[in-house]
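# Summary of the model geometry
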Amino acid sequence: MFVARRLHTRAFKHDSRWPGWQAVIGIETHAQLKSKQKLFSEAPTSDLGDIPNTHFVAFDAAFPGTLPRLNQACVDLALRAALALKCEVNPRSSFDRKHYFYSDLPSGYQITQHYAPFARNGTLLLENSAVRIHQIQLEQDTAKSTTVPRLRKSYIDLNRAGTGLIEIVTEPDMSTPEEAGQYVRALQSVLRTVGASDGNMEMGSLRCDVNVSVNRADAPPGSGTRCEVKNVNGVKFIMAAIKHEIARQKSILESGACVEQQTRGFDPNTFETYALRSKEDAQDYRYMPDPNLGVLRIGEDRLAKLRETQPPLPWETRARLRDAYGLPERDVNTLMKLEEEYMGERVPAEGSVGAISYLDLVCQSGKRDPKIVVNWMTQDLLGQLSAQQRTFSDNPLSADVFGQLIDLVQGGTITWTSGKHLLRHMLANPAAPPLELAEAQGFIVEGEDNSGGGGGSEGGHGLEDICARALAAQPAEVAKYRAGKMNVINKILGWVMRESKGRADAREAKAVLEELLRR
């Protein structure tokens, strides 16, 4: 939708890629609410794989005499998004009909909030800037039309008709494709964190209309003609659409012609935009108040309850991971990515928790070193899950069991190498106690006299004996080492680890080898 925008209060960046010109960018995001039922009916929401026309009731199909009934669960989800985006929530808002005629709109109008949206004047902070939110409104989704050129027919699927959406409209505060991409990623993260939407652009749960205008650098920002690129469904595509649109408009203006106000599409194969139609203005949609829906009243007590149960926002979680756990930025980024992937799942695995909640449970208020836990989570656990083509939410190990594995390694009961092997057995037998599995596999370090682990499996020979045999078995590598090729010690160490079946401590074994080689 196009709305009257506030005057610019921020300085715009001048990009060296288009000297003498500046771009002004605003984004309208349609996010599907993560509710079980639709916005104005009791019909269940659908997923992409559902059989067409199996998730709708008479109201969704615009049968005469049917009336809307507002789903309050959708309102609460929308309010959570508004609070996270620091919006002013209007105590009284209303619904309007936006009229246009297309085959995927059974009633000939869409119920939205044009005149009195439920939230206005928010802000989303980015790394080096802030994007103002003009308004957020509740509205219903349309049906889906599919054209089969071979049959010269179009089919309508009503599964999506009436699904609850929020439209988040920014001020035209962005000036580069990268800034727009950063905004969409940040918005996606916020919506997932508060549970308002799963934010999956590839599944159609988050769709963006991008408004772009170009003017000369010495002209007032936003004085160019805006063109809207509709339904772009990926951050990469959003940035590509903006780049192409800036280049297209700049070329037209440099030739002395005027840019025509248009609605345009984006071709993901060519990374170019193309004209769809001349841009409509608000009066073309003949907005009118919906006579079947009254005023939506939102009290302060309702907002207070939502604030009390609002989860920590992404930037708050980042700060806690850095400050409370002392994690480096690389680990924080990995954990946040895992958390977003979990929150983005429409139906997470039963009993699963996100990566950050899992970390909290394993650490148990300082019981274990967070840095060690994160290393085991992101390097070993995630690596083995990925090898099995499973995600972190498919992790079958409880936080308690995973913590026991770390304790076995940190306590010296098993070596780090044995711990990696033990983890594989634990994933195959998640209910078995880690200590029992370690004993069954012969991973237990047996006695101090064995210096970290050759022990029982080596017929009483200690680590020094295994290392001596490794040197005797590889005279060529010993000669290379003594000739100055120090890296060959890793090959000799590999022989030791294989011979000890992973029970030798790698660091200690390397130290023993170096000592023997110096003799």
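Just above, that's the structure.
Residues numbered from 1 in each chain as written. Predicted model: local features only at pLDDT ≥ 70, side-chain atom pairs only at ≥ 80, totals over all residues. Heavy atoms only, no water.

Of regular secondary structure, the chain possesses 15 helices and 16 strands. Relative to the globule expectation of 24 Å for 519 residues, the C-alpha radius of gyration of the chain, 30 Å, shows a markedly less compact shape. Its C-alpha atoms put the chain at 90 × 55 × 55 Å along the principal axes. Counting only residues that meet the buried cut, the chain has 51% of its 519 residues in that class. Long-range contacts, defined here as pairs at least 24 residues apart, represent 68% of the contacts in the chain between residues at least 6 apart. Total accessible area computed for the chain in this model is approximately 24,600 Å², and 52% of it derives from carbon and sulfur atoms. Across the chain, the centroid of the 63 positively charged side chains sits 4 Å from that of the 65 negatively charged ones. (Helix = DSSP H or I, 4+ residues; strand = E, 2+ residues; numbered from the N terminus. Rg over C-alpha atoms; globule rule 2.2 N^0.38 Å. Buried < 20%, exposed > 50% of the residue type's maximum accessible area, 1.4 Å probe, protein only. Contact = heavy atoms within 4.5 Å. Areas by Shrake-Rupley, 256 points an atom, 1.4 Å probe, with all protein chains shown as cover. Lys, Arg positive; Asp, Glu negative; His and termini not counted. Charge placed at Lys NZ, Arg CZ, Asp CG, Glu CD.)

With 13 residues, helix 1 (residues 72-84) ought to run about 18 Å at 1.5 Å a step, and its terminal C-alpha atoms sit 19 Å apart, in line with that. Extensive coverage of helix 1 is indicated by the burial of 10 of its 13 residues. Considered for burial, the residues of helix 1 that qualify are Cys-74, Val-75, Leu-77, Ala-78, Leu-79, Arg-80, Ala-81, Ala-82, Leu-83 and Ala-84. You can read the cap of helix 1 off the contacts: a side-chain oxygen lies 3.0 Å from the backbone nitrogen of Ala-73, and it is on Asn-71. Taken from the residues just after helix 1, Lys-86 is the one with a positive phi, measuring 60°. (Expected span 1.5 Å × (residues − 1). Polar contact = N/O pair within 3.5 Å; in protein donor to acceptor, adjacent residues only side chain to side chain.)

Attention now moves to the sheet that holds strand 7 (residues 130-140). Taken in spatial order, the nine strands make up an open sheet running 2-6-7-10-1-11-12-13-14, and their pairing is mixed. Looking at strand neighbours, the two that pair on one side only are strand 2 (88-89) and strand 14 (272-278), the edges of this open sheet. As judged from the four bridges shared by strand 11 (residues 206-216) and strand 12 (residues 227-232), these two strands associate in the antiparallel manner. Each bridged residue has a counterpart across the sheet, and for Val-210 the counterpart in strand 12 is Val-229. Against the sheet, helix 1 makes contact with strand 2, strand 6 (119-125), strand 7 and strand 10 (164-170), and its axis sits at roughly 175° relative to strand 7, the strand it touches most. (Pairing = 2+ DSSP bridges. Axes fitted to C-alpha atoms, helices over the stretch in contact; angles between N-to-C directions.)

What follows is about the sheet that holds strand 15 (residues 288-289). Read from one edge to the other, the open sheet built from three strands follows the order 5-4-15, with strand pairing classed as antiparallel. Every interior strand has two partners, whereas the edge strands, strand 5 (109-112) and strand 15, have only one. Two elements, strand 4 (residues 96-99) and strand 15, share two bridges in a ladder whose sense is antiparallel. Bridged to Arg-97 within strand 15 is Met-288.

The next point concerns the side chain of Arg-80. Examined against the element boundaries, Arg-80 turns out to sit in helix 1. Buried charge without a partner: Arg-80 forms no salt bridge, and the closest opposite charge is Asp-76, 6.9 Å away. Within polar-contact distance, the side chain of Arg-80 engages the side chain of Thr-309 at 2.7 Å. Filtering out sequence-adjacent residues up to four positions away, Arg-80 remains in contact with Val-194, Leu-306, Thr-309, Gln-310 and Pro-311. (Salt bridge = Lys/Arg side-chain N within 4 Å of Asp/Glu carboxyl O.)

Burial analysis of strand 11 places 10 of its 11 residues in the buried class, which makes it a mostly covered element. Of the strand pairs in this sheet, strand 1 (residues 21-32) and strand 11 are connected by 11 bridges, and their pairing is antiparallel. Across the sheet, residue Thr-29 finds its bridge partner in strand 11, namely Cys-208.

Considering all chains together, one arrives at nine aromatic pairs under this definition. Ring centres 5.8 Å apart and planes at 45° place the aromatic pair Phe-237 and Phe-266 in the tilted group. Of the two residues, Phe-237 is situated in helix 3 (residues 235-254) and Phe-266 in strand 13 (residues 262-267); the sequence distance between them amounts to 29 residues. When its relative accessible area of 11% is taken as the criterion, Phe-266 is described as buried. Where Phe-237 meets Phe-271, the ring centres are 5.7 Å apart and the plane angle is 90°; that geometry is what we call edge-to-face. With a gap of 34 residues between them, Phe-237 in helix 3 and Phe-271 in the loop between strand 13 and strand 14 connect regions that are remote in the sequence. Here Phe-271 falls in the partly exposed class, since its relative accessible area comes to 33%. (Phe/Tyr/Trp six-rings, centres within 6.5 Å; stacked < 30°, edge-to-face > 60°.)

Moving on, we get to the packing of helix 12 (residues 463-473) against helix 14 (residues 489-499). One way to put it is that helix 12 packs onto helix 14 with a least axis distance of 9 Å and a crossing angle of 130°. Here helix 14 runs oblique to helix 12, going by the angle between their axes. You can see that helix 12 and helix 14 cross each other, and the crossing is right-handed. Two secondary-structure elements touch here, helix 12 through Leu-463, Ile-466, Cys-467, Arg-469, Ala-470, Leu-471 and Ala-473 and helix 14 through Ile-492, Trp-495, Val-496 and Glu-499. Each residue belonging to the contact of helix 12 with helix 14 can be placed in one class, and the counts come to nine nonpolar, no polar and two charged. (Parallel < 35°, antiparallel > 145°, perpendicular 65-115°, else oblique. Left-handed = near helix turned anticlockwise from the far one by under 90°. Nonpolar A, V, L, I, M, F, W, Y, C, P; charged D, E, K, R; others polar.)

The subject of this paragraph is the nonpolar core. Soluble globular proteins tend to pack their nonpolar side chains together in the buried interior. Among the nonpolar cores identified, the biggest contains 66 residues, and Phe-118, Ile-136, Leu-138, Ile-166 and Tyr-183 are the most heavily contacted of them. Element by element, the count of residues in this core is highest for helix 1, at nine residues. Setting aside residues no more than four positions away along its own chain, Tyr-183 makes contact with Ile-27, Thr-29, Leu-124, Leu-126, Val-131, Ile-133, Ile-168, Thr-170 and Met-174. Formed by 38 residues, the second largest nonpolar core is a distinct cluster that contains Leu-327, Met-336, Cys-363 and Ile-444. (Core = buried A, V, L, I, M, F, W, Y, C linked by side-chain atoms within 4.5 Å.)

Geometry only, nothing functional implied.
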